[in-house]
Amino acid sequence: VDLQTLERFDFASREKQKDWEYIRPFYFNPLSIKKGEEILRTHSKTSDWLFIDEIGRFEIKDKIWGPVLKELIKEEIDLVISVRDIFVEDVVEHFGIRNHLLLKVNESNHFG
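Residues numbered from 1 in each chain as written. Predicted model: local features only at pLDDT ≥ 70, side-chain atom pairs only at ≥ 80, totals over all residues. Heavy atoms only, no water.

A. Expanded view of the overall build of the protein chain. Scanning the protein chain for helices and strands turns up four helices and five strands. Whereas a compact globule of 112 residues would reach a radius of gyration of roughly 13 Å, the protein chain reaches 15 Å, a difference of no more than 12%. With respect to the three principal axes, the spread of C-alpha positions in the protein chain is 40 × 30 × 30 Å. By the burial criterion, 31% of the 112 residues in the protein chain qualify as buried. Long-range pairs, those at least 24 residues apart, make up 55% of the contacts in the protein chain between residues at least 6 apart in sequence. A total accessible area of about 8,600 Å² is found for the protein chain, and carbon and sulfur atoms account for 50% of it. One way to put it: in the protein chain the 17 positive side-chain charges average out to a point 6 Å from where the 22 negative ones average out. (Helix = DSSP H or I, 4+ residues; strand = E, 2+ residues; numbered from the N terminus. Rg over C-alpha atoms; globule rule 2.2 N^0.38 Å. Buried < 20%, exposed > 50% of the residue type's maximum accessible area, 1.4 Å probe, protein only. Contact = heavy atoms within 4.5 Å. Areas by Shrake-Rupley, 256 points an atom, 1.4 Å probe, with all protein chains shown as cover. Lys, Arg positive; Asp, Glu negative; His and termini not counted. Charge placed at Lys NZ, Arg CZ, Asp CG, Glu CD.)

B. Structural detail: unusual backbone geometry. A cis amide bond links R24 to the next residue, P25, at an omega of 0°. The omega angle of the peptide bond from D53 to E54 is 10°, so this bond is cis rather than trans. Look at I64: it is not a glycine, yet its phi comes out positive at around 50°. Even without a glycine there, the phi angle at N99 is positive, about 50°. Assignment of secondary structure puts N99 in the segment after α4 (88–95). Look at N99 and you get exposed, because its relative accessible area is 80%.

Below, the structure is given as structure tokens:
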């Protein structure tokens, strides 16, 4: 979802989709990934903050948002990234994230 326009894009499916990239156990829509990269690059130039939900094992393997996230981190853009607890250290190390602030959200303090 592009939060500024509220435009939505089909992103992933557990069921086979023609021409979608298979990264076990999901199929990812390459057009949505490309659109997401465009949105992130565009908004990185016009926004004070970018919010990315979520970065994890695929990005650590330089799939999905991995390449564009590397670009944004090099540009030192203010990012808010959601990461599962088990991937935090790997994400910080893989992307060379410096000067980060870790906010833990759990059952007792979640916002939902």
